[in-house]
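# Topology and contacts: notes
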Amino acid sequence: MIKFHPDPEQLSLYVQGGLTPVESLMVRAHCDYCDRCSKVVHEKTVLLGEKFASENVLAAETRAVHTSTNLSAIFDEIVKSPASNAVPPPKKMPTTVELDGRRFVLPRTLRKFISSVGNWSSLVGKVWQAPVKLGGAQIANLVYIGQHGEIPEHTHKGVETTLVLKGEFKDGINAYQPGDYIRMSGTDTHTPYTDSPQGCLIFSVLDQPLQFTCGIAKFINPFSAVYFR
Ligand SMILES: [Zn+2]
């Protein structure tokens, strides 16, 4: 069962379009798993729509007339158009990513980025990482932690937002399952690991490189900006 959700304020901002594109993406992907947040988003969207409508009755009516006129013109155009102008059906979108023969189905919201997933690289031990270009300079990471694998203890210069896609992991603070949405900031230190036989696949976004805090830190910190952006 999902235990970790975006907070109510984040859901409100999401509905109002007040989140960054990446934050918005993470909330939407969480909603692919979470009926509870989907319902909240739906209710907030309806409320916002009603508020907007009541504040702009006249404008809304005017728009409705225009929309109706526009739709009727578009419909006429479609009817008149020869069939050869018909839009071809969309290509079937891939739904899975692969690592070492394992296939992972991604939630609907993330599927459009499958063609932007870079090569997997072994990070430490049983931890694998593949960059995902989100557009512009934004890069997320798919991270796979194999059974008994562990990401060294680290803290965050900025905010790390993680969505669990498959399997489970623990971090010495909590246990996380598919759909769980985790936001970590500079005050949080954790060591994600999994003892799940199937390992764990997560989707992670950072606005600053991770800061490793012990042991292997000396080795890995110079590379953290490269591996975990
Ligand atoms: Zn939720």
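To be clear, the structure that these remarks concern was listed above.
For the structure given in this document, a descriptive report is provided here. What you see is a predicted model, and the numbers here were worked out from it, not measured in a lab.

## Overview of the sheet that holds strand S4 (residues 127-135)
As summarised here, the arrangement of the six strands in space is S3-S4-S5-S11-S7-S10, forming an open sheet in which the pairing is antiparallel. Two strands close off the open sheet at either side, each with one partner strand: strand S3 (121-124) and strand S10 (181-184). Sheet twist, expressed as the average angle between the axes of neighbouring strands with direction ignored, equals 30°. Judged from the three bridges that link them, S3 and S4 form a sheet pairing that is antiparallel. Paired with Val-124 across the two strands is Val-127, which belongs to S4. Of the strands in this sheet, S4, strand S5 (138-145), strand S7 (160-167), S10 and strand S11 (200-206) are in contact with helix H2 (residues 21-33), which crosses S7 at around 30°.

## Some details on the environment of Asp-7
If you trace the backbone, Asp-7 turns up in the segment before helix H1 (8-16). By relative accessible area, Asp-7 is classed as partly exposed at 38%. Spatially, the C-alpha atoms of Asp-7 and Cys-37 are 9.6 Å apart, while their sequence positions differ by 30 residues. In this structure the side chain of Asp-7 is engaged in a polar contact, spanning 2.8 Å, whose partner is the backbone nitrogen of Gln-10.

## A word on the pairing of strand S2 (residues 102-105)
Pairing of strand S1 (residues 96-99) with S2, which is carried by four bridges, proceeds in the antiparallel orientation. Looking at S2, one finds that Thr-96 is bridged to Val-105. The antiparallel hairpin formed by S1 and S2 contains two residues in its connecting segment, where Asp-100 sits at a positive phi of about 50°.

## Considerations on the coordination of the zinc ion
Within the first shell, the zinc ion binds the protein through His-5 (ND1), His-30 (NE2), Cys-34 (SG) and Cys-37 (SG), at distances of 2.0 to 2.3 Å. Classification of the site at the zinc ion rests on its four donor atoms, whose angles at the metal span 100 to 115°, yielding the label tetrahedral. Taken in chain order, the donor set of the zinc ion reads H-x24-H-x3-C-x2-C. In this pair, His-5 is assigned in the segment before H1 and Cys-34 in the loop between H2 and helix H3 (35-55), connecting sequence segments 29 residues apart.

## Details of H2
The terminal C-alpha atoms of H2, which comprises 13 residues, lie 19 Å apart, in line with the 18 Å expected from a rise of 1.5 Å per residue. When H2 is considered as a whole, its buried residues turn out to be Val-22, Ser-24, Leu-25, Met-26, Val-27, Ala-29, His-30 and Cys-31.

## Some thoughts on the pattern of salt bridges
Summed over all chains, the structure comprises five salt bridges. When the shortest N-O distance is used, the salt bridge between Arg-183 and Glu-23 registers 3.9 Å. Here the residue Arg-183 occupies a position in strand S10, and Glu-23 occupies one in helix H2, the gap between them amounting to 160 residues. Across the pair Lys-170 and Asp-195 runs a salt bridge, and its minimum N-O distance is 3.7 Å. Taken together, the residues Lys-170 in strand S8 (residues 169-170) and Asp-195 in the loop between S10 and S11 connect sequence positions 25 residues apart.

## A look at the packing of aromatic side chains
Evaluated as defined, the whole model comprises three aromatic pairs. The interplanar angle of 50° and the centroid separation of 5.0 Å between the aromatic rings of Phe-4 and Tyr-176 together place this pair among those described as tilted. Of this pair, Phe-4 sits in the segment before H1 while Tyr-176 sits in strand S9 (residues 175-176); the two residues are 172 residues apart in sequence, bridging distant segments of the chain. Taking the relative accessible area as the measure of exposure, Phe-4 reaches 22% and is therefore partly exposed. Following the ring pairs from residue to residue traces out a cluster consisting of Phe-4, Phe-169 and Tyr-176.

Rules used in this analysis
- Along each chain, residues carry numbers from 1 onward, in the same order as the chain's sequence is written.
- Totals for whole chains, interfaces and linings use all residues, but because this is a predicted model, local features are given only for residues with pLDDT of at least 70 and pairs of side-chain atoms are given and counted only at 80 or more.
- Side-chain measures were taken over the full set of non-hydrogen atoms in the model, leaving aside hydrogen atoms and water.
- For two strands to pair, DSSP has to find at least two bridges joining them.
- Working definition: helices are DSSP H or I runs of at least four residues, strands are E runs of at least two. Numbering for both runs from the N terminus.
- Note on geometry: axes are C-alpha line fits, over the in-contact stretch for helices, and angles between N-to-C directions span 0 to 180 degrees.
- The contact definition used throughout considers only heavy atoms, calling two residues in contact when any of these lie within 4.5 Å.
- Partly exposed residues are those whose accessible area sits between 20% and 50% of the maximum for their type, while under 20% is buried and over 50% is exposed, using a 1.4 Å probe and protein chains only.
- Any pair of N or O atoms that falls within 3.5 Å is considered a polar contact. Within protein, one atom must be able to donate a hydrogen and the other to accept it, and sequence-neighbouring residues count only if both atoms are side-chain atoms.
- Only nitrogen, oxygen and sulfur atoms qualify as donors, and only when within 2.8 Å of the metal (3.2 Å in the case of Na, K and Ca); with water excluded, sites may look incomplete.
- Every geometry call rests on angle ranges, with four donors termed tetrahedral when all angles are between 85 and 135 degrees, four termed square planar and six termed octahedral when opposite donors are over 155 degrees apart and all others are between 65 and 115, and everything else termed irregular.
- Expected span of a helix, by definition, is 1.5 Å for each gap between consecutive residues, and there is one gap fewer than residues.
- Put simply, a salt bridge is a Lys or Arg side-chain nitrogen that is within 4 Å of an Asp or Glu carboxyl oxygen.
- A pair of Phe, Tyr and Trp rings is counted when the ring centres sit within 6.5 Å of each other, with Trp represented by its six-membered ring. The angle between the planes then sorts it: under 30 degrees is stacked, over 60 is edge-to-face, the rest tilted.

Function cannot be read off these values alone, since they describe shape.
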